[in-house]
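Next come the chains, spelled out residue by residue.
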There are 2 protein chains.
Amino acid sequence: MNIVILLFNEFETLDVFGPVEIFGRLPQYYNLRYHSLQGGMISNHHGVHLQTEGLDFIPDKIDILLIPGGRGVRKEVHDKHFIDNLIALIRKSNYVLSICTGSALLAQTGYLNNKHATSNKLALPWVSSLNQKVHWNKRARWVADGNFYTSSGVSAGIDMCLCFVAEQHGYQVAIQVAKEIEYHWIEDRLNDTFALSD
Amino acid sequence: MNIVILLFNEFETLDVFGPVEIFGRLPQYYNLRYHSLQGGMISNHHGVHLQTEGLDFIPDKIDILLIPGGRGVRKEVHDKHFIDNLIALIRKSNYVLSICTGSALLAQTGYLNNKHATSNKLALPWVSSLNQKVHWNKRARWVADGNFYTSSGVSAGIDMCLCFVAEQHGYQVAIQVAKEIEYHWIEDRLNDTFALSD
């Protein structure tokens, strides 16, 4: 399965590289690709400068589209060109996974309408204000609704991707990856200790 | 405090970007720098291509030297040029932090001799064989001995760096970062469920 990671400036570091560590350990199943609208170097305020390819190099069929969050989301949600391109990518994707405030970008495409989704818990008041047709889950480590997977803040993306791996290839494959990276996998998507109180 | 991350090809993704996510959230305290022996693009088998600066651009005084692990370690431990450069960097560093098999590189410098240290638990039999003058801890999420901090496998680096932040700036600063990234911080360095049985 090819995984297209859509990057933009001011993406959140661990939103990207947590999932990369999970999927990257299973090269027999997954092939990671790093893309951005313009291609070239993408940066964030952690001093990360990452090489990406442009949209022209994206395969005709995307198995997994992965959307991180981060400060840059606050700009990109209002960028029609970005959202239009995201819509085109979703159309040719089999699965769409967002981490943290990446779900704000998905909400802007309309594809989450009438679906259940979640986001970073501290950012959820803002994210949910963007599109009230989405059923925003206030207490969830991650949410899967059809082919759309949305995770809570940053490190929750690691738990969601391990769950995705377990669904696709069985529990033993996922738990072996967690063991290799000595990660305390939160397997229960309802185990959300970071939910805000109402 | 400046943080110099010493990169090499085939570094482990999360060894680097877990700590980056922690320190990067505290720009009032930490400035992250990405370096490699030659400078330029550094890559790994997860398809990550990261821009780095060469050694000439490293400050005269390093506050924190951060050494990741990864497949590349198996090559670099036998590269005298790499180890000699690492020794020179340690000499001008105030703190040295390694993640996962990064401690194998530190062991080769001799700086861990007679010190307590740890490493990735699945790799520990190999790592400990490199230098038996090191007191290798078989059960530890991370170990701090003087100014040398060594963590267990991959995600243990996140716990160690949160602990380092707590020591430097207080517990509240560290727990706030953990909360922002919705991370279940393992605060107790002796809480090591990945230790191999004897």
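Quantities reported herein were computed from a predicted structural model and do not represent experimental measurements. (Residues numbered from 1 in each chain as written. Chains lettered and ligands numbered in written order. Predicted model: local features only at pLDDT ≥ 70, side-chain atom pairs only at ≥ 80, totals over all residues. Heavy atoms only, no water.)

Observations regarding the sheet that holds strand 6 (residues 93-98) of chain A
Residue and element names in this part refer to chain A. On the basis of which strands lie adjacent, the open sheet formed by 6 strands has the order 2-1-5-6-10-9 and mixed pairing. Two strands bound the open sheet, and with one partner strand each, they are strand 2 (31-36) and strand 9 (142-145). For this sheet, the mean inter-axis angle between neighbouring strands, taken without regard to orientation, is 20°. In this fold helix 3 (residues 80-91) packs onto strand 1 (2-7), strand 5 (62-67), strand 6 and strand 10 (148-151), with an angle of close to 145° to the strand it touches most, strand 5. (Pairing = 2+ DSSP bridges. Helix = DSSP H or I, 4+ residues; strand = E, 2+ residues; numbered from the N terminus. Axes fitted to C-alpha atoms, helices over the stretch in contact; angles between N-to-C directions. Contact = heavy atoms within 4.5 Å.)

Concerning the relation of the copies chain B and chain A
Overlaying chain B on chain A yields an RMSD of 0.0 Å, the required transformation being a rotation through 180° with an accompanying axial translation of 0.0 Å. Expressed as an axis order, the relation between the two copies is that of a two-fold axis. No C-alpha of chain B lies nearer the rotation axis than that of Leu-50 of chain B, which sits 2.4 Å from it. Of the residues that chain B buries at the interface, 100% are likewise interface residues in chain A, meaning the two copies contact each other through the same surface. (Least-squares fit on C-alpha atoms with pLDDT ≥ 70 in both.)

Points about the interface of chain B and chain A
Taken together, the contact between chain B and chain A spans 38 residues of the former and 38 residues of the latter. Three residues, His-46, Glu-182 and Phe-194 of chain B, lead the burial of chain B against chain A; their summed loss comes to 22% of the area buried on that side. Our count for the chain B to chain A interface comes out at 2 salt bridges. Listing elements by their share of the side of chain B that touches chain A, those giving two or more residues are helix 1 (13-24), strand 2 (31-36), strand 4 (49-52) and helix 7 (171-180) of chain B. Per-element tally for the side of chain B that touches chain A: the top contributor is helix 1 of chain B, with 7 residues. Residue classes in the side of chain B that touches chain A are distributed as 15 nonpolar, 14 polar and 9 charged. (Buried area = accessible area lost by both parts, 1.4 Å probe. Salt bridge = Lys/Arg side-chain N within 4 Å of Asp/Glu carboxyl O. Nonpolar A, V, L, I, M, F, W, Y, C, P; charged D, E, K, R; others polar.)

Structural notes on the sheet that holds strand 6 (residues 93-98) of chain B
Backbone hydrogen bonds hold the strands of a sheet together, and the pairing may be parallel or antiparallel. All names here are of chain B. Taken in spatial order, the 6 strands make up an open sheet running 2-1-5-6-10-9, and their pairing is mixed. In this open sheet, the two edge strands, each paired with only one partner strand, are strand 2 and strand 9 (142-145). Averaged over all neighbouring strand pairs, the angle between strand axes comes to 20°, with direction disregarded. Here 3 bridges tie strand 1 (residues 2-7) to strand 5 (residues 62-67), and the two strands are oriented parallel to one another.

Some words on the side chain of Asn-2 of chain B
Residues and elements named next belong to chain B. Mapped onto the fold, Asn-2 is located in strand 1. Residue classification places Asn-2 among the buried residues on the basis of a relative accessible area of 13%. A distance of 3.1 Å separates the side chain of Asn-2 from the backbone oxygen of Lys-61, its partner in a polar contact. Beyond its immediate sequence surroundings of up to four residues, Asn-2 is in contact with Asn-31, Arg-33, Pro-59, Lys-61, Ile-62, Asp-63 and Ile-64. (Buried < 20%, exposed > 50% of the residue type's maximum accessible area, 1.4 Å probe, protein only. Polar contact = N/O pair within 3.5 Å; in protein donor to acceptor, adjacent residues only side chain to side chain.)

Describing the packing of aromatic side chains
All chains considered together, the criterion is met by 21 aromatic pairs over all chains. Centroid distance Phe-23 of chain B to Phe-164 of chain B: 6.1 Å. Interplanar angle 80°. Geometry classified as edge-to-face. With a gap of 141 residues between them, Phe-23 of chain B in helix 1 and Phe-164 of chain B in helix 6 (residues 156-169) connect regions that are remote in the sequence. Judged on exposure class, the residue Phe-23 of chain B and its partner Phe-164 of chain B are both buried. A centroid spacing of 5.3 Å and a plane angle of 80° characterise the contact between Tyr-149 of chain B and Phe-164 of chain B, whose relative ring orientation is edge-to-face. Linking Tyr-149 of chain B in strand 10 (residues 148-151) with Phe-164 of chain B in helix 6, this pair joins segments that are 15 residues apart in sequence. Residues Tyr-149 of chain B and Phe-164 of chain B agree in their burial class; the two are buried. Each residue in the set Phe-23, Tyr-29, Tyr-30, Tyr-95, Tyr-149 and Phe-164 of chain A is aromatic and connected to the rest through ring pairs, giving one cluster. Positioned over the ring face of Trp-126 of chain B is Arg-74 of chain B, at 4.0 Å from the centre of the ring. (Phe/Tyr/Trp six-rings, centres within 6.5 Å; stacked < 30°, edge-to-face > 60°. Lys NZ or Arg CZ within 6 Å of the ring centre and 35° of its normal.)

Side note on the nonpolar core
The biggest cluster of nonpolar side chains holds 138 residues, and the ones touching the most others in it are Phe-23 of chain A together with Phe-23 of chain B. When sequence neighbours within four positions are dropped, the list of residues in contact with Phe-23 of chain B reads Ile-3, Tyr-30, Leu-32, Leu-66, Leu-97, Cys-161, Phe-164 and Val-165 of chain B. (Core = buried A, V, L, I, M, F, W, Y, C linked by side-chain atoms within 4.5 Å.)

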